[in-house]
Amino acid sequence: MPTVVHVMEPFRHEFYAIAIKAEGEGVVYTGHHKNFPNGTTLFFNSPFQILSWDIVPDWEGYYIMFTQEFITQSKYFNELLEEFPFLRIDKSIPFEINQADLGIIVNLFEKIYEEYYSKRNDKFQLIEVYLLLLLNYTKRYFLEQLSPETAAKELQKADLKLLTRFQTLIEMSF
């Protein structure tokens with residue numbers, strides 16, 4: 001976190017990301033979500049989503065970004081958005097995980113980090129497998145944490161916000 005800019009104006013990006021906030025204060029706006037849970041939170045970014053933040057330097061956590069090119073070259077991610085719905089821009093709902101599960105997730109982020117900075121020729125094959133593990137654990141937590149009713153309410157709020165922004169843009173154009 002020492003190298004992270006603490007206040008970032010809204011921008012659009014072209015990558016997927018999975019992040020975990022273990023501790024810290026501040027506000028993150030990822031797509032149409034800004035009401036993050038207070039505890040250990042998993043959150044996601046999809047390509048072309050708008051992202052911004054205003055965080056306090058006490059944030060602790062990890063963030064992994066991967067490109068669409070990385071996905072298309074993978075033999076494991078042919079059905080990425082169908083297998084892992086939380087990566088779809090319309091379903092990327094941040095959610096809290098139990099403190100007991102934090103070690104598993106952090107360990108996977110650390111393994112990916114170690115491989116990325118290693119000098120091994122096969123590091124991207126291992127990163128691919130660690131990412132697959134991370135995505136599957138995340139899917140488990142996603143399905144456990146978000147009941148169909150909760151997910152539907154969150155998506156409806158997001159749809160209304162998006163529709164309102166769209167209508168505002170139309171009105172401004174005319």
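Placed above this text is the structure.
Residues numbered from 1 in each chain as written. Predicted model: local features only at pLDDT ≥ 70, side-chain atom pairs only at ≥ 80, totals over all residues. Heavy atoms only, no water.

**Q** Before we move on, can you summarise the packing of aromatic side chains with the specific residues and values?
**A** One pass over the full model with this rule turns up 7 aromatic pairs. Centre to centre, the rings of F11 and W53 are 6.0 Å apart; their planes meet at 80°, and the pair counts as edge-to-face. Of this pair, F11 sits in strand β1 (residues 7–12) while W53 sits in strand β5 (residues 50–55), and the two are 42 residues apart along the sequence. For W53, a relative accessible area of 18% corresponds to the buried category. For the pair Y116 and F124, a centre-to-centre distance of 6.3 Å together with 80° between the ring planes defines the contact as edge-to-face. Ring pairs connect the aromatic residues Y113, Y116, Y117 and F124, which therefore count as one cluster. The residue whose ring lies beneath K123 is Y116, and the NZ or CZ to ring-centre distance is 5.6 Å. Its guanidinium or amino end placed over the ring of F84, K139 lies 5.8 Å from that ring's centre, counting from NZ or CZ. (Phe/Tyr/Trp six-rings, centres within 6.5 Å; stacked < 30°, edge-to-face > 60°. Helix = DSSP H or I, 4+ residues; strand = E, 2+ residues; numbered from the N terminus. Buried < 20%, exposed > 50% of the residue type's maximum accessible area, 1.4 Å probe, protein only. Lys NZ or Arg CZ within 6 Å of the ring centre and 35° of its normal.)

**Q** Summarise the pattern of salt bridges; cite the residues concerned and give the values.
**A** The full count for this structure, using the stated rule, is 2 salt bridges. As a salt-bridge pair, K139 and E83 come within 3.4 Å of each other at their nearest N and O atoms. Of the two residues, K139 is situated in helix α4 (residues 123–145) and E83 in helix α2 (residues 80–83); the sequence distance between them amounts to 56 residues. K139 sits in the partly exposed class, given a relative accessible area of 22%. With a shortest N-O distance of 3.9 Å, R120 and E115 are connected by a salt bridge. For R120, a relative accessible area of 52% corresponds to the exposed category. (Salt bridge = Lys/Arg side-chain N within 4 Å of Asp/Glu carboxyl O.)

**Q** Tell me about the pairing of β1, and name the residues and values.
**A** Of all the 6 residues making up β1, 0 are buried; the element is thus mostly uncovered. Across 4 bridges, β1 lies against β5 in antiparallel orientation. Paired with F11 across the bridge in β5 is L51. (Pairing = 2+ DSSP bridges.)

**Q** Please set out the sheet that holds β5 residue by residue, giving values where relevant.
**A** Sheets are built from strands paired through backbone hydrogen bonds, the pairs being either parallel or antiparallel. Pairing within the open sheet is antiparallel, and its 3 strands lie in the order β1-β5-β3. Because the sheet does not close on itself, it has two edges, and the strands there are β1 and β3 (26–30). Strand-to-strand twist of the sheet, defined as the mean angle between neighbouring strand axes without regard to direction, takes the value 5°. (Axes fitted to C-alpha atoms, helices over the stretch in contact; angles between N-to-C directions.)

**Q** So what about α4? Which residues, and what values?
**A** With 23 residues, α4 ought to run about 33 Å at 1.5 Å a step, and its terminal C-alpha atoms sit 32 Å apart, in line with that. Every buried residue of α4 is accounted for by K123, I127, E128, Y130, L131, L134, L135, T138, Y141 and F142. (Expected span 1.5 Å × (residues − 1).)

**Q** Now, about the nonpolar core: what can you tell me, with residues and values included?
**A** Judged by nonpolar contacts, the single largest core of 30 residues is most densely connected at I18, L42, L87, L131, L134 and L135. Mapped by element, the contributors of at least two residues to this core are β2 (15–23), β4 (41–45), β6 (60–67), α1 (68–72), α3 (102–116) and α4. The dominant element in this core, judged by the number of residues it contributes, is α4, at 7 residues. For I18, the contacting residues outside a window of four places in its chain are L42, F43, F44, Y62, Y63, I64, F66, L87, F109, L131, L134 and L135. In terms of nonpolar packing, the next biggest core, distinct from the first, is built from 7 residues, F43, L51, W53 and I55 among them. (Core = buried A, V, L, I, M, F, W, Y, C linked by side-chain atoms within 4.5 Å. Contact = heavy atoms within 4.5 Å.)

**Q** Describe the pairing of β4, naming the residues involved and giving the relevant values.
**A** Of all the 5 residues making up β4, 5 are buried; the element is thus mostly covered by neighbouring parts of the structure. For β4 and strand β7 (residues 95–96), the ladder comprises 2 bridges, and the chain directions are antiparallel. For L42, the partnering residue across the bridge sits in β7 and is F95.

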